[in-house]
Amino acid sequence: MLKDMIALTKPGIIRLNAFAAFGGFWVASKWEIDWLLLLYMLIGSSLTMASACVINNYWDRDLDARMERTKNRPLPQGRLSPSVALAFGVALGIAGLAVLFFLVNPLVGWLGVLGWFVYVVIYTFWLKRTSVWNTSVGGISGAMPPVIGYCAVEGQVDAGAWILFALLFLWQPPHFWSLAIRRVEEYRAAGFTMLPVVKGIKRTKLQMIPYTLLLIPAGILLFAYGYVGYIFLVVSVVFGAVWFIQTVQGLKAEDTEKWARTNFLLSVNYLMVIFLAMIIDTDGIF
């Protein structure tokens, strides 16, 4: 039972977002780290994200049962009752937001509420089943972790927070659409209103291009405002250009499955590499 409850929180998503939150915190700290504050921020944000993921699993359990990728999750398989999952998700949310509000700062608490609300109410309850805008709008919640990390230190939403938000907001749609292209028939059968299901794969490939392109100037802005140095600048531009070029090549790809798999892996590695470079090169050390 414990293993299934942990699975409901989507640990892979939490790890990736916790790393982004850590990066935002580090950028704002400029190597002068308040380790206890960092711990509280990571605990609070991770619990809040876990809550949103659990409730997402609770709400989508009927459609998850129709997809090969998700049919073995605890709720579709009946290994956990929906009521237990819902109570678990609510408890995680209360605990996470309490930590953010009372042990970090109220601004971070409200950012956590915003991220949770967009993911659970706007994305999960509404857009995921009704509109192709689900991924783009849902990207607001996915862009919160580095902003939460940054604002835990700065206590305000300034240029640094907005640039970090832009990086994650622009990253998410093409990252997810490459997966959706690979699983398009599963999403169609399950009834999810995903872009490649409604508008087709070619339209989805076209829509991925501006997002990957805009990531390049977003990285440059972080350098231009003095938050990072030349190592980050070079890494973000090079990796951004590689992802952008590979995305454009998808328009003529003969093997869409292979192209989408490569694009998805590039997206994951892009995020990990640029945030690692951001942490190493914070405040223009190099």
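For clarity, every value in this text was computed on a predicted model and none was experimentally measured. (Residues numbered from 1 in each chain as written. Predicted model: local features only at pLDDT ≥ 70, side-chain atom pairs only at ≥ 80, totals over all residues. Heavy atoms only, no water.)

J.: Any details on the overall build of the protein chain? Residues and values, ideally.
T.: Across its full length, the protein chain holds 14 helices and zero strands. Secondary structure of the protein chain in N-to-C order comes out as α-α-α-α-α-α-α-α-α-α-α-α-α-α. At 19 Å, the protein chain has a C-alpha radius of gyration in line with the 19 Å of a compact globule built from 286 residues. In terms of its C-alpha atoms, the protein chain occupies a principal-axis envelope of roughly 50 × 50 × 30 Å. Out of the 286 residues belonging to the protein chain, those deemed buried represent 53%. Sequence separation of 24 or more characterises 75% of the internal contacts of the protein chain that already satisfy a separation of 6 or more. Approximately 12500 Å² of the protein chain is accessible, and the part contributed by carbon and sulfur atoms is 69%. (Helix = DSSP H or I, 4+ residues; strand = E, 2+ residues; numbered from the N terminus. Rg over C-alpha atoms; globule rule 2.2 N^0.38 Å. Buried < 20%, exposed > 50% of the residue type's maximum accessible area, 1.4 Å probe, protein only. Contact = heavy atoms within 4.5 Å. Areas by Shrake-Rupley, 256 points an atom, 1.4 Å probe, with all protein chains shown as cover.)

J.: Hey, could you go over unusual backbone geometry for me, with residue numbers and the actual values?
T.: Within the chain, K30 stands out as a residue other than glycine whose phi angle is a positive 55°. Tracing the backbone through its elements, the reader meets K30 in the loop between helix 2 (11–29) and helix 3 (35–59). Of note, W31 is a non-glycine position whose phi angle comes to about 75°, a positive value. If you trace the backbone, W31 turns up in the loop between helix 2 and helix 3. With a relative accessible area of 42%, W31 lands in the partly exposed category.

J.: I'd like to hear about a nonpolar patch on the surface, residue by residue, with values.
T.: A cluster of nonpolar side chains, V234, V238, F239 and V242, forms an exposed patch at the surface whose accessible area comes to about 320 Å². In this fold, V234 is placed in helix 13 (residues 230–249). (Patch = residues over 30% accessible without salt bridge, like charges linked within 9 Å, V, L, I, M, F, W, Y side chains within 5 Å. Salt bridge = Lys/Arg side-chain N within 4 Å of Asp/Glu carboxyl O.)

J.: Outline the nonpolar core, listing residues and values.
T.: Counting residues in hydrophobic clusters, the biggest one holds 54 residues, and the most contacted among them are M41, Y150, L167, W171, L222 and M278. With 10 residues, the single largest contributor to this core is helix 9 (residues 159–182). Ignoring anything within four residues of it in the chain, the contact list for L222 reads I163, L164, L167, Y227, V228, F232 and M278. Counting 16 residues, the second largest nonpolar core, distinct from the first, contains Y123, A180, A190 and M194. (Core = buried A, V, L, I, M, F, W, Y, C linked by side-chain atoms within 4.5 Å.)

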